[in-house]
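Survey of secondary and tertiary structure
Listed below are the residues making up each chain.
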Amino acid sequence: MDPWIMRLVIALIGAVVLVAIYLHGRPGAQGRRTGSRTGSRTGERIEPGVGEIAALGGTDTDPDLHAELERLGAEISRDQAEKTALRKPDRRDIVDASSALRAPVGGRESGAIDRIITLYVMAENGATFNGADVLVAAEKAGLHYGALDIFHRLRDGHPEQGPVFSMANMREPGSFDLKNVHSINTPGLALFLTLPGPLSALDAWDTLLPTAQRLAELLGGEVLDEDRNTLARQRVQFMRDELRGYDREKEKNTIRKPW
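Residues numbered from 1 in each chain as written. Predicted model: local features only at pLDDT ≥ 70, side-chain atom pairs only at ≥ 80, totals over all residues. Heavy atoms only, no water.

**Points about the overall build of the protein chain**
Scanning the protein chain from terminus to terminus reveals 8 helices and 8 strands. Within the protein chain, the proportion of its 259 residues that are buried is 31%. Residue pairs at least 24 apart in sequence account for 68% of intrachain contacts in the protein chain once pairs closer than 6 positions are excluded. (Helix = DSSP H or I, 4+ residues; strand = E, 2+ residues; numbered from the N terminus. Buried < 20%, exposed > 50% of the residue type's maximum accessible area, 1.4 Å probe, protein only. Contact = heavy atoms within 4.5 Å.)

Here is the structure:
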């Protein structure tokens, strides 16, 4: 048992015993004991709490007992204060602390994923992108470094809703170690969005594509589709039509959903 709890229990027992002995020996003590606090239903005697024991130190007690109760009360209060200061955090403390912490930038809520759409920004002619250049380009393209040690595009004004899309390193393990950013060299970047997300599918695509094109411009790379072929105009139009249909289907399902 914790030594602080042991000291508290011993102090309480000592105080109760002293009061019981003193009251038992006084005239009419039996009558007062019979008339002590009882439970509302069973009539059993309820032992006084710490505050009630301290209240006994009035005119009904002799000076020695009064002094002893004051000493015990002071020791109990000191032990409780020290115990509180030294105790390990309980669940309430952890919940309170965790609510004050901000979630990592770009953290995703768990949930079903209908589809993942990917674009690649590849270095040309077998070259590589340097990590420092990627960092600068990502910042200029409006990406934020965060969860999973990758970059994320957040919804304007609502970063808590998670990323519109994210950007990973094509070289395993896919993350970016910014502590060693100058030593990073990668053949390309993978930009991916998951559906559903904080924006409609079409709006997310219309955010993803210009960002990929901007990164390719800044890094001197090329934008490829999910099959790693050059992203043609016909493919872009096909994606827009497909995602517009996805949004319409989602809207229908939302309207049909019972309240």
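**Focus on helix 7 (residues 201-219)**
Between its first and last C-alpha atoms helix 7 spans 27 Å; for 19 residues at 1.5 Å apiece the expected length is 27 Å, and the two agree. Considered for burial, the residues of helix 7 that qualify are Ala201, Leu202, Ala204, Trp205, Thr207, Leu208, Leu209, Thr211, Ala212, Leu215, Ala216 and Leu219. (Expected span 1.5 Å × (residues − 1).)

**Things to note about the confidence of the model for the protein chain**
Taken residue by residue, the protein chain gives an average pLDDT of 74. The fraction at 70 or more is 56%. Predicted confidence is poor over residues 86-103, with pLDDT under 50, and the contacts of this stretch with residues over four places away or in other chains come to 3 contacts. (pLDDT = per-residue confidence, 0-100.)

**Some thoughts on the nonpolar core**
Among the nonpolar cores identified, the biggest contains 35 residues, and Met167, Leu189, Leu191 and Trp205 are the most heavily contacted of them. Put simply, the parts of the chain that give this core at least two residues each are strand 1 (115-123), helix 6 (131-140), strand 5 (163-169), strand 7 (188-195), helix 7 and helix 8 (233-256). The element that contributes the greatest number of residues to this core is helix 7, accounting for 9 residues. In contact with leucine 189, other than residues within four places in its own chain, are Leu119, Tyr120, Val121, Phe129, Val134, Met167, Ala168, Met170, Phe176 and Leu219. (Core = buried A, V, L, I, M, F, W, Y, C linked by side-chain atoms within 4.5 Å.)

**Re the sheet that holds strand 1**
Pairing in this open sheet of 6 strands is antiparallel, and the strands run 3-4-5-7-1-8 from one edge to the other. Edge strands, defined here as strands with exactly one partner in the open sheet, are strand 3 (144-145) and strand 8 (221-224). Summarising the sheet, strand 1 and strand 8 pair through 4 bridges and their orientation is antiparallel. When the sheet's bridge partners are listed, methionine 122 is paired in strand 8 with glutamate 222. (Pairing = 2+ DSSP bridges.)

**A few points about the packing of helix 6 against helix 7**
Close contact between helix 6 and helix 7 brings their axes to 9 Å; oriented N to C, the two are set at 140 degrees. The angle between helix 6 and helix 7 places the two elements in the oblique class. Read as a crossing pair, helix 6 and helix 7 show a hand that is right-handed. Contact residues: Asp133, Val134, Ala137, Ala138 and Lys140 in helix 6; Leu215, Leu218 and Leu219 in helix 7. Of the residues belonging to the contact of helix 6 with helix 7, the class tally is 6 nonpolar, no polar and 2 charged. (Axes fitted to C-alpha atoms, helices over the stretch in contact; angles between N-to-C directions. Parallel < 35°, antiparallel > 145°, perpendicular 65-115°, else oblique. Left-handed = near helix turned anticlockwise from the far one by under 90°. Nonpolar A, V, L, I, M, F, W, Y, C, P; charged D, E, K, R; others polar.)

**Considerations on helix 6**
Along helix 6, the residues that are buried comprise Gly131, Ala132, Val134, Ala137 and Ala138. Turning to helix 6, the residues buried within the fold contact strand 2 (129-130), strand 4 (151-154), strand 5, strand 7 and helix 7. If you check the start of helix 6, you find a side-chain oxygen 2.9 Å away from the backbone N of alanine 132, and it comes from asparagine 130. Looking at the residues trailing helix 6, positive phi occurs at glycine 142, about 85 degrees. (Polar contact = N/O pair within 3.5 Å; in protein donor to acceptor, adjacent residues only side chain to side chain.)

**Notes on the environment of methionine 239**
Along the polypeptide, methionine 239 turns up in helix 8. For methionine 239, a relative accessible area of 3% translates into the label buried. Between the C-alpha atom of methionine 239 and that of tryptophan 205, which follows or precedes it by 34 residues, the distance is 8.3 Å. With residues near it in sequence (within four places) discarded, methionine 239 still touches Arg115, Ile117 and Trp205.

**Some remarks on the side chain of serine 166**
Residue position: serine 166 is located in strand 5. Judged by relative accessible area, serine 166 falls into the buried class, the value being 1%. Here the side chain of serine 166 touches histidine 152 through a polar contact of 2.7 Å, side chain to side chain.

**Comments concerning the pattern of salt bridges**
This structure, assessed with the given rule, holds 6 salt bridges. For aspartate 114, the salt bridge is made with lysine 250, and the minimal N-O distance between the two is 3.0 Å. Pair noted here: aspartate 114 is in the loop between helix 5 (91-100) and strand 1 and lysine 250 is in helix 8, with a separation of 136 residues, a long-range link. Put simply, aspartate 206 and arginine 240 hold a salt bridge, and the shortest N to O gap is 2.5 Å. Residue aspartate 206 is located in helix 7, and its partner arginine 240 is located in helix 8; the two are separated by 34 residues in the primary sequence. Looking at aspartate 206, the relative accessible area reads 34%, which means it is partly exposed. (Salt bridge = Lys/Arg side-chain N within 4 Å of Asp/Glu carboxyl O.)

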